[in-house]
Amino acid sequence: VIEFTEKDPYAPIAYVYEISDVLFDKKTAYQRIQVVENRFFGRMLLLDGIVQITDKDEFFYHEMLAHPVLHAHPDPRRVVVIGGGDGGTVREVLKHDTVEKVFFIEIDEEVIETSRRFFPKVSAGIDDPRVEVRPMDGAEFVKELADEVDAIIVDSTDIVGFAKVLFEESFFRSVNRALRAGGVYASHTESLHFHLNIVREVQEVLRRVFPVVDLYTASIATYGGNWWAFGCASKGGGFRDKVRPCKVPTRFYDEEVHRQAFLTPRLYDRLLRGELDW
Ligand code: AG3
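Nothing here was measured: the structure is a model prediction, and the numbers come from that model.

1. Considerations on the overall build of the chain
- In terms of helices and strands, the chain carries nine helices and 13 strands.
- Rg of the C-alpha trace for the chain: 18 Å, near the compact-globule value of 19 Å for 278 residues, within the 12% margin.
- For the chain, the spread of C-alpha atoms along the principal axes amounts to about 50 × 50 × 35 Å.
- When the 278 residues of the chain are sorted by exposure, 56% land in the buried category.
- Residue pairs in contact within the chain that sit at least 24 positions apart in sequence constitute 67% of those at least 6 positions apart.
- Approximately 11900 Å² of the chain is accessible, and the part contributed by carbon and sulfur atoms is 50%.
- A distance of 3 Å separates the average location of the 35 positive side-chain charges in the chain from that of its 46 negative side-chain charges.

Here you go:
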């Protein structure tokens, strides 16, 4: 067997996968794209050697990135998705029939093409007439918006390289300006097991910009550290008591998952104070 070793970008840890086939391998202007096959997870999309999605478990991440914040907004119509070139997040956003327009901002068009070719179930939503694809830097796109959209969802690679700007205070200020009243934001923010300090830092920076900030988690089998954190922020209400019932078809996310996903008040408080002792 061939083995693929994924070195965590920060932690001194690597995960090893048995690979039965390499289906695609290309260096683009931005990164190396690979599609490989594992007998358990099916096809896997790797960017610069880091697992982004697998056929078997992509829905956990995509549902948990899109639905908690969209259900906390009373009427999300205009949504921006930054990154997520595979289309999985766009697919979940489109399940909300309130949504009239999705700006899909992916810096590397070749990720979109690769997903269309190898992950048809993930990329299926990209051709929906409500979707407008813009191949460009998400930070540049958001900078030009003022009071124009209801949700901005960042589905980036790890917080390294060209994704880094998407976690800086200046970007969050653009997001805040771009959102209409009641607008919501969500992004993944790494693992509570492996990258606790990054999780905390992103929360701190968000709190400098938005009146409401929170953190929820989901267990993702294929992301190093596995207990994955999501940061969310809003210009309106909080997230824990969502305002719309869950009617979209999902495999994992539901009313009870939403309730249980948020970090408990005691742990959240300790995280912000830097007192979590793990
Ligand atoms: N975006 C988040 C990938 C993070 C993976 N990190 C890791 N394994 N260390 C995934 C894009 C899916 N649309």
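2. Let's talk about unusual backbone geometry
- For D147, which is not glycine, the phi dihedral falls at a positive 55°.
- Note on placement: D147 falls in the loop between α5 (138–143) and β10 (149–155).
- Its identity as a non-glycine residue notwithstanding, N226 has a phi of 60°, on the positive side.
- Of note, N226 is situated in the loop between β12 (212–219) and β13 (227–234).

3. A look at helix α3 (residues 109–118)
- V111, I112, T114, S115 and F118 are the residues of α3 that are buried. Summarising the axial view, the buried residues of α3 lie within an arc of 165°, below the 170-degree limit, and thus occupy one face.
- Buried residues along α3 sit in contact with β3 (21–27), β4 (32–38), β5 (42–47), β8 (101–105), α4 (120–123) and β9 (131–134).

4. A look at the site of the ligand
- Inspection of the region around the ligand gives 15 residues, with H62, D86, D155, S156 and D158 positioned closest.
- With respect to the ligand, the side chain of H62 contributes an N or O atom lying 2.7 Å from a nitrogen atom.
- Separating a nitrogen atom of the ligand from a side-chain N or O atom of D155 is a distance of 2.6 Å.
- Calculation on the ligand without its partners gives an accessible area of 400 Å², and the protein chains cover 99% of this total.
- Put simply, the parts of the chain that give the shell around the ligand at least two residues each are β6 (50–54) and α1 (58–71).
- Looking at the shell around the ligand element by element, the count peaks at four residues for β6.
- In terms of residue class, the shell around the ligand is made up of six nonpolar, five polar and four charged.

So, how was this worked out
Residues numbered from 1 in each chain as written. Predicted model: local features only at pLDDT ≥ 70, side-chain atom pairs only at ≥ 80, totals over all residues. Heavy atoms only, no water. Helix = DSSP H or I, 4+ residues; strand = E, 2+ residues; numbered from the N terminus. Rg over C-alpha atoms; globule rule 2.2 N^0.38 Å. Buried < 20%, exposed > 50% of the residue type's maximum accessible area, 1.4 Å probe, protein only. Contact = heavy atoms within 4.5 Å. Areas by Shrake-Rupley, 256 points an atom, 1.4 Å probe, with all protein chains shown as cover. Lys, Arg positive; Asp, Glu negative; His and termini not counted. Charge placed at Lys NZ, Arg CZ, Asp CG, Glu CD. Arc of directions from axis to C-beta. Near = heavy atom within 4 Å. Polar contact = N/O pair within 3.5 Å; in protein donor to acceptor, adjacent residues only side chain to side chain. Nonpolar A, V, L, I, M, F, W, Y, C, P; charged D, E, K, R; others polar.

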